[in-house]
Every structure is written in C-alpha cells, then in structure tokens.
Amino acid sequence: MEEKLSSYLLALRPWSLSASLIPTLLGCALAVKLPIEKGQFSWIILFVTLLTVISVHCAGNVVNTYYDYVLGIDTSRRSDDRTLVDHILSESELVSLGVMLYLVSSAGFILLSYISPAKMEHLAAVFFCGLSSSFLYSGCLGLKYTALGDVLILMIFGPITVLFAFMSQTGRWEWATICYALPVALNTEAILHSNNTRDLESDRQVGIVTVAILLGQSYSHVYYAFLLFIPYIVFVVWGMNHSYYYLLPLVTLKSAFSIEKQFRCPDKIHLVPKLTAKLNLYFGFLYVVAVTLA
C-alpha cells in the first residue's frame, strides 16, 4: 500500500509544483498589500485556493504523462517520467488519478465560490481557463506539440494564477497583478524551456515542434539566459525605484549563474530542469516575502 502511494506521488511530479505554489502565494501577498475595498485576508481562502490550483497542476502533469506515453513520445529508452514506461502505474490507474485530481480541484472551486467575496462568474472564468489549459496543453489539441505550450505556460503559471489567487481574496479584478506576475512567469517558463532543450533531438525525431527546436541549440541558450536573468534586472530596477526589499531575490543570483553554466554543457543539461525548478522555489519565495514587506 505504501509503495503504491509513493508511485501515485511520483506521478504528480512534486518537484514541479513550485510553478503553481509561488504564483498563488504571490497573488495572496498582493491582496494583503494592495488596497482591499471590503473584507480581510483569509487563511481559509488561501488554503482552498492552494488546494484548487495545485490539484489542477497535478492533473495537468498526469495528463501530460498519459499522452506522451500513448503517442509514443515517452519510451523505455527515452523518457524523463518513468511512471508508465516502467509500469510503475497502469494506464487505467493514471487516468483514474487524473479524474480524481480534476474532481478535487472542482470541489475546491465550488467551496471557493461560496467563501470568496469574488463574483462566481468572474472566479469561474479564470478557473476554467486554467482547468482547460491543463488538459489542452498535452491532451486534445496538444498545444505542447506545436510550440504553443510555452505561451500557455507563460500565461497560466503567471498572470492567470496570480489573478485567480488575488481575486479569491479581494473579490475584484486587478490588471496590475500582471506586472507583478511577469518575473514569476519568465522564471517558470525557464523550467519548461530547459526541459525541451534537453529533449531537443528526441522530440525532433518523433515529430514534435517546440520553441527549443525552432530556435536550435545556440539560440535556445540565449532564450534560456533571457528567461533566467531578466527577472533579476526587473528586481534591481524595482529595488532602486520603489523598495530595497525587491532586491531580496538577488540572493539566488549565484545559483542562477551556476545553472546557466550547466545548461551550456551537453553532459550536464539533463540536471538543469530540476535545478531550475528548485531555483524557482527559492527565487519565488523571496519574491513573495519582498512583496509582503515592500
């Protein structure tokens, strides 16, 4: 039983969950700092929002694993996710896990619609945008296979999630949250791009089109460096013009340079996606602290 539970946990790709955790916390931090017309910050709403967002993210990971396997993209010789190729879980078990996660996220949304000051139709518009995107990324339209997955990741794990968390707390739209979401969105896209660059040749062989394939190895490195370091430049500008607290994420700059160096090494690039995800967690947490204190 314990072994089966660990298998289900592995299928969720827990190392990637900072991509949804950080923008959710950022949205809630902005709700504390920006003027609220009515009501106060709610820890219950924060918990339910986290449950809802992370469930959608996990469901998207499961859908991605399933379709990569069914379409023949993941094989025993070429796969970073071993859930299906090594028969850790069966296809039916993975499908059941995905359905359960979507049900959990839907239950979280229903509860949130009752306890949040936001209008249900506004909350629903943002929620179903994220829910459908988690499926369309690799299922149905398969946007990740036509170089559109990067655009989706930039939108979902940035402006959409931050706005959803902010609106859950405050009950209103605030487009200024998009500006605050951009550093997180770029850093999260760096995780996906490093993964796609690592798999560039194998993806090309099976007919997938990604931004990494379109750019090629050299320009993919330039794009990765852009995604990794532009947020730090933004924080320096904000720190100099608004509050020195925005310089807090610069603590992780040394690690960013180290990871970028490994990205350029063919024998070390396989380590980069998880290292970038780890950086995303620390970078994002310090950013949330900075917003809270600024």
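What you see is a predicted model; the values in this text were computed from it and never measured.

S.K.: Got a sec to walk through the overall build of the chain? Specific residues and values, please.
M.R.: Summing up its helical and strand segments, the chain has 11 helices and zero strands in all. Along the chain, helices (α) and strands (β) appear in the sequence α-α-α-α-α-α-α-α-α-α-α when read from the amino end. Taken against the 2.2 N^0.38 rule, which gives 19 Å for 294 residues, the C-alpha radius of gyration of the chain at 19 Å falls within 12% of a compact globule. Dimensions of the chain, computed from the C-alpha atoms along their principal axes, are close to 55 × 40 × 35 Å. Partitioning the contacts of the chain with sequence separation of at least 6, the portion at a separation of at least 24 is 75%. Summed over its atoms, the accessible surface of the chain is roughly 13900 Å², and 68% of this surface lies on carbon and sulfur atoms.

S.K.: How would you explain the UniProt feature "transmembrane region" (unreviewed entry) in the chain if you had to name every residue and give the values?
M.R.: Per the UniProt record, "transmembrane region" (unreviewed entry) is found at residues 12-32, 44-67, 94-115, 122-139, 145-166, 222-238 and 275-293. A helix fraction of 82% and a strand fraction of 0% characterise residues 145-166, whose end C-alpha atoms lie 31 Å from each other. Regarding residues 275-293, the helix share stands at 100% and the strand share at 0%, and the terminal C-alpha atoms are separated by 27 Å.

S.K.: Tell me about a nonpolar patch on the surface, and please be specific about residues and values.
M.R.: A contiguous nonpolar patch, built from Ile44, Ile110, Leu111, Tyr114 and Ile115 and spanning about 540 Å² of accessible area, is present on the exposed surface. Looking at the nonpolar patch element by element, the count peaks at four residues for helix 4 (residues 91-115). By secondary structure assignment, the location of Ile44 is in helix 3 (residues 43-70).

S.K.: Describe the packing of aromatic side chains, with residues and values.
M.R.: All chains considered together, the criterion is met by 18 aromatic pairs. Where Phe41 meets Trp43, the ring centres are 5.2 Å apart and the plane angle is 90°; that geometry is what we call edge-to-face. Given a relative accessible area of 66%, Trp43 falls into the exposed group. Measuring from centroid to centroid gives 5.8 Å for Tyr180 and Trp238, while their planes differ by 55°, and the two rings are tilted.

S.K.: Hey, could you go over the pattern of salt bridges for me, with residue numbers and the actual values?
M.R.: Evaluated as defined, the whole model comprises four salt bridges. The shortest N-O distance in the salt bridge between Arg198 and Asp199 comes to 2.9 Å. Arg204 is the salt-bridge partner of Glu201, the closest N and O atoms lying 3.0 Å from each other. You can see Glu201 and its partner Arg204 sitting in helix 8 (residues 200-205), three residues apart, about one turn around the helix. You can call Arg204 partly exposed: its relative accessible area is 39%.

S.K.: Kindly report on the state of the cysteines, identifying the contributing residues and their values.
M.R.: Enumeration over the complete set of coordinates arrives at zero disulfides. Not part of a disulfide, Cys58 finds its nearest cysteine sulfur in Cys28, a span of 18 Å.

S.K.: Pulling in residues and values, what's your account of the environment of Ile156?
M.R.: Mapped onto the elements of the fold, Ile156 is located in helix 6 (residues 149-170). Counting along the chain gives 26 residues from Ile156 to Gly130, while the straight-line C-alpha distance between them is 6.3 Å.

S.K.: Summarise the nonpolar core; cite the residues concerned and give the values.
M.R.: The biggest cluster of nonpolar side chains holds 37 residues, and the ones touching the most others in it are Leu101, Leu123 and Phe164. Those elements giving two or more residues to this core turn out to be helix 3, helix 4, helix 5 (120-136) and helix 6. In this view, Leu101 contacts Leu12, Ser55, Cys58, Ala59 and Val62; residues no more than four positions away in its chain are not counted. If you look at the next biggest cluster of nonpolar residues, it comprises 33 residues, including Ala29, Tyr223, Leu279 and Phe283.

S.K.: An account of unusual backbone geometry is requested, with residue identities and associated values reported.
M.R.: In this structure, Arg13 is a non-glycine residue whose phi angle is positive, near 55°. Note that Arg13 resides in the loop between helix 1 (2-11) and helix 2 (18-33). For Ala147, which is not a glycine, the phi torsion comes out positive at approximately 65°. Here Ala147 is to be found in the loop between helix 5 and helix 6.

S.K.: Before we move on, could you go through helix 10 (residues 253-263) and cite the residues and values that matter?
M.R.: Along an α-helix, residues three or four positions apart point the same way, because every turn accommodates 3.6 residues. Turning to helix 10, its buried residues are Ala256, Ile259, Glu260, Gln262 and Phe263. For helix 10, the arc enclosing every buried residue in end-on projection is 160°, short of the 170-degree limit, so these residues lie on one face. Seen from the buried face of helix 10, the exposed residues on the opposite side, beyond 90 degrees, are Lys254 and Lys261.

What counts and how
- Residues numbered from 1 in each chain as written.
- Predicted model: local features only at pLDDT ≥ 70, side-chain atom pairs only at ≥ 80, totals over all residues.
- Heavy atoms only, no water.
- Helix = DSSP H or I, 4+ residues; strand = E, 2+ residues; numbered from the N terminus.
- Rg over C-alpha atoms; globule rule 2.2 N^0.38 Å.
- Contact = heavy atoms within 4.5 Å.
- Areas by Shrake-Rupley, 256 points an atom, 1.4 Å probe, with all protein chains shown as cover.
- UniProt positions renumbered as here; feature names shortened; annotations may be inferred.
- Patch = residues over 30% accessible without salt bridge, like charges linked within 9 Å, V, L, I, M, F, W, Y side chains within 5 Å.
- Salt bridge = Lys/Arg side-chain N within 4 Å of Asp/Glu carboxyl O.
- Phe/Tyr/Trp six-rings, centres within 6.5 Å; stacked < 30°, edge-to-face > 60°.
- Buried < 20%, exposed > 50% of the residue type's maximum accessible area, 1.4 Å probe, protein only.
- Disulfide = S-S within 2.5 Å.
- Core = buried A, V, L, I, M, F, W, Y, C linked by side-chain atoms within 4.5 Å.
- Arc of directions from axis to C-beta.

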